[in-house]
Amino acid sequence: HALYIYEGASDAVATLDGQDVQLKVDIRKNGDTLTINELTGKYLNIAFGASGNAVLSPVGPPALNINTTMTFRLEDIVVLLPEEQKKAFGALKPSGTLNVSAAIKGPAQDWKRWTTDATLQSASVSILGYTANDLHITVGQRDGKINNLTADANVYDGKLHAVGSGALNGAGIPFDLA
């Protein structure tokens with residue numbers, strides 16, 4: 001259970017190794033650019049990683065260009081939720097492991113303006129006892145719109161295929177699903 005931090009004029013390297021938390025960080029600063037060479041870790045049973053950069057601006061939010069991955073079990077998410085959401089989410093009896101990968105570009109403080117491509121995959125997930133196998137979801141976001149949401153899965157003796165889109169800048173985030 002140790003934390004090691006090495007600091008140079010523009011570098012930060014850290015390792016944290018605990019029972020519930022592991023973290024490795026290697027971030028380098030060159031001018032106005034923070035480069036994330038390594039940001040990996042695990043919290044409980046949730047593994048994550050990221051690499052990329054953030055360009056710092058004296059007049060606005062940092063501009064992100066980050067690739068990220070995460071693997072987690074749906075049933076483990078309940079402990080991370082606020083108390084009022086734990087009951088509702090827990091009642092769904094979620095189970096299964098999700099693998100998520102995403103590429104994110106845009107201003108750090110405004111996720112609706114990001115350019116994002118993400119993939120969610122699972123061999124098997126279950127909600128309320130209903131199981132979907134070979135789940136594959138892709139989503140693309142550009143110019144304040146979800147323009148490519150596709151979900152595919154094997155459900156019992158059939159196949160599920162859904163396609164959707166949505167506007168992130170409208171009131172209530174309107175969407176279409178087919």
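Everything below is about the structure shown above.
Remember, predicted model here, so these are calculated numbers, not experimental data. (Residues numbered from 1 in each chain as written. Predicted model: local features only at pLDDT ≥ 70, side-chain atom pairs only at ≥ 80, totals over all residues. Heavy atoms only, no water.)

**Q** Explain the overall build of the protein chain to me, using residue names and the numbers behind them.
**A** Helix and strand counts for the protein chain come out as two helices and 12 strands. In the protein chain, the order of α-helices and β-strands from amino to carboxyl end is β-β-β-β-β-β-α-α-β-β-β-β-β-β. With respect to the principal axes defined by its C-alpha atoms, the protein chain has extents near 60 × 40 × 30 Å. Taking contacts inside the protein chain between residues at least 6 apart in sequence as the whole, the part at least 24 apart equals 30%. Carbon together with sulfur atoms contributes 58% to the accessible area of the protein chain, which is approximately 11,300 Å² in total. (Helix = DSSP H or I, 4+ residues; strand = E, 2+ residues; numbered from the N terminus. Contact = heavy atoms within 4.5 Å. Areas by Shrake-Rupley, 256 points an atom, 1.4 Å probe, with all protein chains shown as cover.)

**Q** Let's hear about the environment of Leu177: which residues, and what values?
**A** Counting through the fold element by element, Leu177 comes out in strand 12 (residues 175-177). Along the chain, Leu177 and Ala162 lie 15 residues apart, while their C-alpha atoms are 6.8 Å from each other.

**Q** Can you explain the pairing of strand 4 (residues 33-43)? Please cite residues and give values.
**A** Taken together, the 10 bridges between strand 3 (residues 21-30) and strand 4 define a ladder with antiparallel strand orientation. In the strand pairing of strand 4, Ile27 is matched with Ile36. In this structure, the hairpin formed by strand 3 and strand 4 is closed by a connection of two residues, where Gly31 is found at a positive phi of approximately 65°. Direction of pairing for strand 4 relative to strand 5 (residues 46-55): antiparallel, over a ladder of nine bridges. Directly across from Gly41, in strand 5, lies its bridge partner Phe48. The loop that links strand 4 with its antiparallel partner strand 5 comprises two residues; one of these, Leu44, has a positive phi angle of about 55°. (Pairing = 2+ DSSP bridges.)

**Q** Go over the environment of Gly129, please, and point to the residues and values.
**A** By the secondary structure assignment, Gly129 is in the loop between strand 8 (115-127) and strand 9 (130-142). C-alpha separation for the pair Gly129 and Leu64, spaced 65 residues apart in sequence, amounts to 39 Å.

**Q** Would you mind going over unusual backbone geometry in detail, with residue names and values included?
**A** Non-glycine residue Leu44 carries a positive phi angle of around 55°. The residue Leu44 is located in the loop between strand 4 and strand 5 in this model. Of note, the phi angle at Asp134 is positive, near 50°, even though the residue is not glycine. Mapped onto the elements of the fold, Asp134 is located in strand 9.

**Q** So what's going on with a nonpolar patch on the surface? Which residues, and what values?
**A** Together, Leu92, Ile127, Leu128, Tyr130 and Tyr156 make up a nonpolar patch on the protein surface, roughly 530 Å² of accessible area in all. With respect to the helices, strands and loops of the structure, Tyr130 is situated in strand 9. We classify Tyr130 as exposed; its relative accessible area is 56%. (Patch = residues over 30% accessible without salt bridge, like charges linked within 9 Å, V, L, I, M, F, W, Y side chains within 5 Å. Salt bridge = Lys/Arg side-chain N within 4 Å of Asp/Glu carboxyl O. Buried < 20%, exposed > 50% of the residue type's maximum accessible area, 1.4 Å probe, protein only.)

**Q** Any details on the side chain of Gln141? Residues and values, ideally.
**A** Along the chain, the position of Gln141 falls in strand 9. Within the structure, the side chain of Gln141 is placed 3.4 Å from the backbone oxygen of Lys112, a separation counted as a polar contact. Sequence-distant contacts of Gln141, that is, excluding residues within four places in its chain, are made with Trp111, Lys112, Arg113, Trp114, Thr115, Thr116, Ile146, Asn147 and Leu168. (Polar contact = N/O pair within 3.5 Å; in protein donor to acceptor, adjacent residues only side chain to side chain.)

**Q** Help me get a handle on the side chain of Ser122, residues and values and all.
**A** Within the element layout of this structure, Ser122 appears in strand 8. A polar side-chain atom of Ser122 sits 2.7 Å from the main-chain carbonyl oxygen of Thr97. Setting aside residues no more than four positions away along its own chain, Ser122 makes contact with Thr97, Leu98, Asp134 and Leu135.

**Q** Outline the layout of surface pockets, listing residues and values.
**A** Quantified by volume, the largest pocket comes out at close to 220 Å³. If you go around the largest pocket, you meet 13 residues; those closest to its centre are Trp111, Val139, Gly140, Gln141 and Ile146. Broken down by secondary-structure element, the contributors of at least two residues to the lining of the largest pocket are strand 9, strand 10 (145-155), strand 11 (158-167) and strand 12. Here the lining of the largest pocket is composed, by residue class, of seven nonpolar, five polar and one charged. (1 Å grid on protein atoms, 1.4 Å probe; cavity = no way out; pocket = protein on both sides within 12 Å on 5 of 7 lines; lining within 4 Å. Points joined across faces, edges and corners; volume = space filled by probe spheres on them. Nonpolar A, V, L, I, M, F, W, Y, C, P; charged D, E, K, R; others polar.)

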